[in-house]
There are 2 protein chains.
Amino acid sequence: MEEEKRTIRAVERALDVMLCFTTGSDWGLTEIAQRVGLHKSTVHRMLATLEQKGFVFRDEATEKYRLGLRILELSAHARASDPAVVLLGEMERLRDQLGETVSLYVRDRNDRVRIQAVQSEQAVRRVAPVGARLPLTVGASSKVLLAFGDAGERDALLAEVSWPAPKDRDAYLEQLQEIAALGYATSFEEREAGAAAISAPIFDRSGKLYAALSVSGPSNRLTADIMRERAPAVMEAARRMGMLLGGTGV
Amino acid sequence: MEEEKRTIRAVERALDVMLCFTTGSDWGLTEIAQRVGLHKSTVHRMLATLEQKGFVFRDEATEKYRLGLRILELSAHARASDPAVVLLGEMERLRDQLGETVSLYVRDRNDRVRIQAVQSEQAVRRVAPVGARLPLTVGASSKVLLAFGDAGERDALLAEVSWPAPKDRDAYLEQLQEIAALGYATSFEEREAGAAAISAPIFDRSGKLYAALSVSGPSNRLTADIMRERAPAVMEAARRMGMLLGGTGV
DNA sequence: TACCGATGTTTCACAGAGTGAAACCAAGGA
DNA sequence: TCCTTGGTTTCACTCTGTGAAACATCGGTA
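Chain A is annotated in an unreviewed UniProt entry as Glycerol operon regulatory protein of Cohnella lubricantis. Per UniProt, chain A carries the Function (unreviewed entry) text "May be an activator protein for the gylABX operon."

Structure representation (structure tokens):
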């Protein structure tokens, strides 16, 4: 209540409506209304507006709403302006060298987002959709983003997050320090059963942490030994990628 | 004025702000305000809202606004729910068969949008970003979408569009009829110098036009003769893709 | 057939939310 | 130093967004 609000309520609500589509792709009007806690008629007007501008549309068959093509159009531009395209070449090289899926994660608030990925070409492989939003405490690249990122932000995050539990936080911080010393992190069936990953930080030329480079695959191919053996290749690729990036912020 | 408006003005305006980013990726506040014709302070509040929800962010270096990662996240879901993924396999097969870039276009209002694409692997190739929005009258797949689409919608479009000019409309319609008879369309340096394309319609099982399948490349590789020769392969692929789609709408 | 419940749509009166003018800052450049 | 150019904040007014409730449209059920 005492919060200063210099934002527009109607817009905020409309964006919440859109964000419904990050979990499930088909939504009916009433479902959405319940989810965001607004009156049907309000949501109805919002969907009409979103539809008019092409951000959502009504699936003729199911009579439910879906994300429209404007989102696709915008995302094309979001990605075009992204340094991540510069790194694609290096990512493909690393994929070919190790034969596993390679992805790039950046921190966004209290999550990490996969901003770029090239898939392994093996039959059994991890699928890695670009745009996926994942928790920021668990998984190899999460630990990289925390271990090499700003210490203040890290502590703030750990204070408000439910995992690791308060009593385990010291152990977790210790693990992060180890990672910082080693220069890379690994995870074995940590976030997802059957999957493992190696991750190393990418710093831009001004030394700022830009992203975590991650190589991931099925845990039977990526054993602890194998990962230790391959870590230098990942770190080297991350270093080269950093060189491709400009200075502060770009 | 006498228009019925059952939409929310604030939301409408906010979406317009976002749509700025379909032309140019960096925008300052005042630029946007001018572009959408609103007061600085209004736009300021909107950007604050959009930023809070992660739809845009402030580039630290340039101090300008850019599209945020939420867009990427949403687009991942927009695409996941899309029948276009089912067609990827067939598209790759066609790409490997012909060695050229293959894309998929659907009609959206008075434009067409590239909803899926697989790139040629040749050194000289057309680049085809997914999400691109293109005019609906010019280019092979445009003609396919018009020739095989709803006649009423087609006439409505031609009435309000500036190209082809009114006097050329009969000739254009004749060309569309030819295309409808042949089952495919070609274009040679029509929309873009140095580029050519073959396109065929994809109908779902209920016979409804779903998209235009297009094979495009440099005009020296895709001569008129070559295109005529390859058209059957494109039509056949389009037919098979149609079989993969469900009935009405899906 | 009549009835029901669950969807989406429209109407309407009220209050509070969004609006833009104007004032205020901050940072460069001349 | 004074401008200019961008962004930020304040504030009073009124217009806009709001949700209750009524309405419409289905399928299913008895």
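Let's pick the thread back up.
*Asks:* Can you explain the relation of the copies chain A and chain B? Please cite residues and give values.
*Replies:* Superposing chain A onto chain B requires a rotation of 180 degrees together with a translation of 0.0 Å along the rotation axis, leaving an RMSD of 0.1 Å. Taken together, the rotation and translation describe the operation of a two-fold axis. Within chain A, V11 of chain A has its C-alpha nearest the rotation axis, a separation of 2.6 Å. When you check the interface residues of chain A against chain B, 100% turn up at the interface there too, and the contact is symmetric in its surfaces.

*Asks:* Go over the protein's contact with DNA strand C with me, naming the residues and quoting the values.
*Replies:* By nearness alone, 18 residues border DNA strand C, and R9, A10 and T30 of chain A together with T42 and R45 of chain B come closest of all. Here the atoms of DNA strand C within 4 Å of the protein split so that 68% fall in sugar or phosphate, with bases taking the remainder. At a separation of 3.3 Å, a phosphate oxygen of DNA strand C approaches a polar side-chain atom of R13 of chain B. Among the elements of the structure, α1 (9-19), α2 (29-36) and α3 (40-52) of chain A together with α1 (9-19) and α3 (40-52) of chain B are those that each provide at least two residues to the surface near DNA strand C. Partitioned by chemical class, the residues of the surface near DNA strand C number four nonpolar, seven polar and seven charged.

*Asks:* Which residues make up the pattern of salt bridges, and what values do they have?
*Replies:* Tallied over the entire structure, the rule returns 40 salt bridges over all chains. When the shortest N-O distance is used, the salt bridge between R154 of chain B and D155 of chain B registers 3.3 Å. Two residues, E192 of chain B and R191 of chain B, come together in a salt bridge whose shortest N-O distance is 3.1 Å. Among the charged side chains, a network of salt bridges with common partners joins R70 and E73 of chain A together with D108, D111 and R133 of chain B.

*Asks:* For unusual backbone geometry, give the residues involved together with the corresponding values.
*Replies:* Residue and element names in this part refer to chain A. The omega torsion across W163 and P164 is 0 degrees, close enough to zero to call that bond cis. With respect to the helices, strands and loops of the structure, P164 is situated in the loop between α7 (151-160) and α8 (169-182). In this structure, E63 is a non-glycine residue whose phi angle is positive, near 65 degrees. The topology assignment puts E63 in the loop between β1 (56-58) and β2 (65-67). Judged by its relative accessible area of 52%, E63 falls in the exposed class.

*Asks:* Give a detailed account of the protein's contact with DNA strand D, specifying residues and quantitative values.
*Replies:* Neighbouring residues of DNA strand D: 20 residues in total, closest H39, T42 and R45 of chain A together with A10 and T30 of chain B. In DNA strand D, atoms within 4 Å of the protein come 70% from sugar and phosphate. Contact distances for DNA strand D include 3.2 Å between a phosphate oxygen and a side-chain N or O atom of R13 of chain A. Contact distances for DNA strand D include 3.0 Å between a base nitrogen and a side-chain N or O atom of R45 of chain A. Those elements that provide at least two residues to the surface near DNA strand D are α1 and α3 of chain A together with α1, α2 (29-36) and α3 of chain B. Tallying contributions element by element places α3 of chain A first for the surface near DNA strand D, with four residues.

*Asks:* Quick one: what's the story with the UniProt feature "domain: HTH iclR-type" (unreviewed entry) in chain A, residue by residue and with numbers?
*Replies:* Sequence positions flagged by UniProt for "domain: HTH iclR-type" (unreviewed entry) are, in local numbering, residues 8-69 of chain A. Secondary structure within residues 8-69 of chain A divides into 53% helix and 10% strand; the distance between the first and last C-alpha atoms comes to 25 Å.

*Asks:* Describe the interface of chain A and chain B, and please don't skip the residues or the numbers.
*Replies:* At the junction of the two partners, chain A supplies 54 residues and chain B supplies 55 residues. Approximately 5,100 Å² of surface area, both sides summed, lies buried where chain A meets chain B, with 68% of it carried by carbon and sulfur atoms. On the chain A side of the contact with chain B, L69, L72 and L74 of chain A bury the most area, a combined 12% of that side's loss. Here chain A and chain B share four salt bridges between them. The closest approach of N and O atoms between D16 of chain B and K53 of chain A, which form a salt bridge, is 2.8 Å. In this structure, the connection of chain A to chain B is made through 12 residue pairs in polar contact (both at pLDDT 80 or more).

Calculation notes
- Residues numbered from 1 in each chain as written.
- Chains lettered and ligands numbered in written order.
- Predicted model: local features only at pLDDT ≥ 70, side-chain atom pairs only at ≥ 80, totals over all residues.
- Heavy atoms only, no water.
- UniProt positions renumbered as here; feature names shortened; annotations may be inferred.
- Least-squares fit on C-alpha atoms with pLDDT ≥ 70 in both.
- Contact = heavy atoms within 4.5 Å.
- Near = heavy atom within 4 Å.
- Polar contact = N/O pair within 3.5 Å; in protein donor to acceptor, adjacent residues only side chain to side chain.
- Helix = DSSP H or I, 4+ residues; strand = E, 2+ residues; numbered from the N terminus.
- Nonpolar A, V, L, I, M, F, W, Y, C, P; charged D, E, K, R; others polar.
- Salt bridge = Lys/Arg side-chain N within 4 Å of Asp/Glu carboxyl O.
- Buried < 20%, exposed > 50% of the residue type's maximum accessible area, 1.4 Å probe, protein only.
- Buried area = accessible area lost by both parts, 1.4 Å probe.

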